[in-house]
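A structural walkthrough
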Amino acid sequence: MWEYKEGDFIKDLSNENIIHIKKDNVEYLQFKKLNKYSDILTHCFTLRELDFKGFNDYKENKDFITENYNKICNALDLKYEYICRPNQTHTKNVKCVYEGDEGIYLDKFKNVDALVTNKKNKALVLAFADCMPLVFFDPIKKVIANTHSGWRGTLKRISEETVKCMIKEYNSNPENIICLIGPTIRKCHFEVDKDVKDLFYNEFKNLENIDNYITKQNEKEKYNIDAVQINKQMLLDLGLKQKNIIDSKICTVCNKDKIHSYRADKENSGRNIMLICLK
Ligand SMILES: [Zn+2]
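A brief structural summary.

Calculation criteria
Residues numbered from 1 in each chain as written. Predicted model: local features only at pLDDT ≥ 70, side-chain atom pairs only at ≥ 80, totals over all residues. Core = buried A, V, L, I, M, F, W, Y, C linked by C-beta atoms within 7 Å. Buried ≥ 20, exposed ≤ 12 C-beta atoms within 10 Å, placed from the backbone. Contact = placed C-beta atoms within 7 Å. Pairing = 2+ DSSP bridges. Helix = DSSP H or I, 4+ residues; strand = E, 2+ residues; numbered from the N terminus. Axes fitted to C-alpha atoms, helices over the stretch in contact; angles between N-to-C directions. Parallel < 35°, antiparallel > 145°, perpendicular 65-115°, else oblique. Left-handed = near helix turned anticlockwise from the far one by under 90°.

Let's shift gears to the nonpolar core. Judged by nonpolar contacts, the single largest core of 72 residues is most densely connected at Val116, Ala123, Leu124, Phe136, Ala145, Cys179 and Leu275. Apart from the residues within four sequence positions on either side, Phe136 is in contact with Ile144, Ala145, Thr162, Val163, Met166, Ile177, Ile178 and Cys179.

On to the sheet that holds strand β12 (residues 191–192), then. Strands in a sheet are paired, the pairing made by backbone hydrogen bonds, and the direction either parallel or antiparallel. Overall, antiparallel pairing links the three strands, which are arranged β12-β14-β13 in an open sheet. With partners counted over all chains shown, the strands left at the sheet margins are β12 and β13 (214–216), one partner each. As paired strands, β12 and strand β14 (residues 223–225) are joined by two bridges and run antiparallel to one another. Residue pairing in the sheet places Val192 in a bridge with Tyr223 of β14. Along the sheet face, helix α5 (residues 194–204) touches β12, β13 and β14 and points at about 145° away from the line of β13.

For the rest of this paragraph, the subject is the pairing of strand β1 (residues 18–23). In this sheet, strand β2 (residues 26–31) lies alongside β1 in antiparallel orientation, the contact comprising six bridges. Along β2, the bridge assignment pairs Ile21 with Tyr28. Counted along the chain from β1 to the antiparallel partner β2, the turn is two residues long, and its residue Asp24 has a positive phi close to 50°.

Here we come to the packing of helix α4 (residues 158–170) against helix α7 (residues 227–237). Axis separation between α4 and α7 bottoms out at 9 Å; the angle between their running directions is 30°. Classed by the angle they form, the pair α4 and α7 counts as roughly parallel. Crossing angle aside, the handedness with which α4 passes α7 is right-handed. Touching Ser159, Glu160 and Val163 of α4 are Asn231, Met234 and Leu235, all from α7.

This part takes up the environment of Lys220. In this fold, Lys220 is placed in the loop between β13 and β14. Each C-alpha atom, one on Lys220 and one on Asp193, is 9.7 Å from the other, the two residues being 27 residues apart in sequence.

In space, the six strands of this open sheet follow the order β5-β7-β10-β9-β11-β15, with mixed pairing throughout. Each edge of the open sheet is held by one strand with a lone partner, namely β5 (94–96) and β15 (245–247). Taking the axes of each pair of neighbouring strands and ignoring which way they run, one obtains an average angle of 15° across the sheet. Pairing analysis gives seven bridges linking strand β9 (residues 132–138) to strand β10 (residues 143–149), with the strands arranged antiparallel. Counted as the bridge partner of Leu134 is Thr147 from β10. Along the sheet, α4 makes contact with β5, β7 (114–117), β9 and β10, crossing β10 at roughly 160°. On top of the sheet, α7 reaches β9, β10, β11 (178–181) and β15; it is set at about 25° to β9, its chief contact.

When glycine is set aside, most residues are seen to have a negative phi, and most peptide bonds are trans. The backbone of Lys53 shows a phi angle near 55°, a positive value even though the residue is not glycine. Secondary-structure assignment places Lys53 in the loop between β3 (41–46) and α2 (62–76). The phi angle at His90 is positive, at roughly 60°, despite the residue not being glycine. Within the secondary structure layout, His90 lies in the loop between β4 (83–85) and β5.

Positionally, Ala127 belongs in strand β8 (residues 123–128). Residue classification places Ala127 among the buried positions, given that 22 C-beta atoms sit within 10 Å. Linking Ala127 and Asn272, residues 145 residues apart in sequence, is a C-alpha distance of 5.6 Å. Apart from the residues within four sequence positions on either side, Ala127 is in contact with Phe52, Gly54, Gln88, Arg271, Asn272 and Ile273.

Structure representation (structure tokens):
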């Protein structure tokens, strides 16, 4: 938890599902639910103090980014060499991570937006600025996954693809899978025009309660979409249990002073990472 110093500007994002940690001069969020399994895994969602940048800014900022990876790895007691970071491009592509797959932007992880593994010491890392991070854990088969689901990924149902991969490749039973939804742009700030609204409506019109998740603003041709609820409903339909879907309930735009947000910072936006690693 925070170490309070007089005069510090303090904002603590902890809530019933989330713990906000400040350790070794690094701040990050963890899910209380996953911390119950801290003997076999570790995880975090980083905050604005650290910036991991997007693929296009990697070469110019490699030293700075590597230093940030080292800071968070030290805080979590992981090695930098464990990191597996794909080049995310809003696809529905899910890849399994095996021995030797560690590295940043390896060619074999080009255009990949979800990673799944049952191997130890593979830190599955994805970067976010408003897009939705979903991490998955099957405590029976000891399988983890990390998924990047922005609005395009949600339309392509990448969270569903991730669970299907866990079932097919690792024999997971969806009833056992725990899903944790990280900070993301929420319905309060996810405002779209009619064209994007139509894409969502056409894809998800058969989803239960869809009319509560896509709503029109008064007197304006603008719509607000609850992509978190849409993902939750997709996962329930696949057989996950309601009690096993844990939401951080944090909006990145509402908390832009603590979290990188693309809507708030536009093309200069930094990137937060979600990391999960079996140990
Ligand atoms: Zn908001």
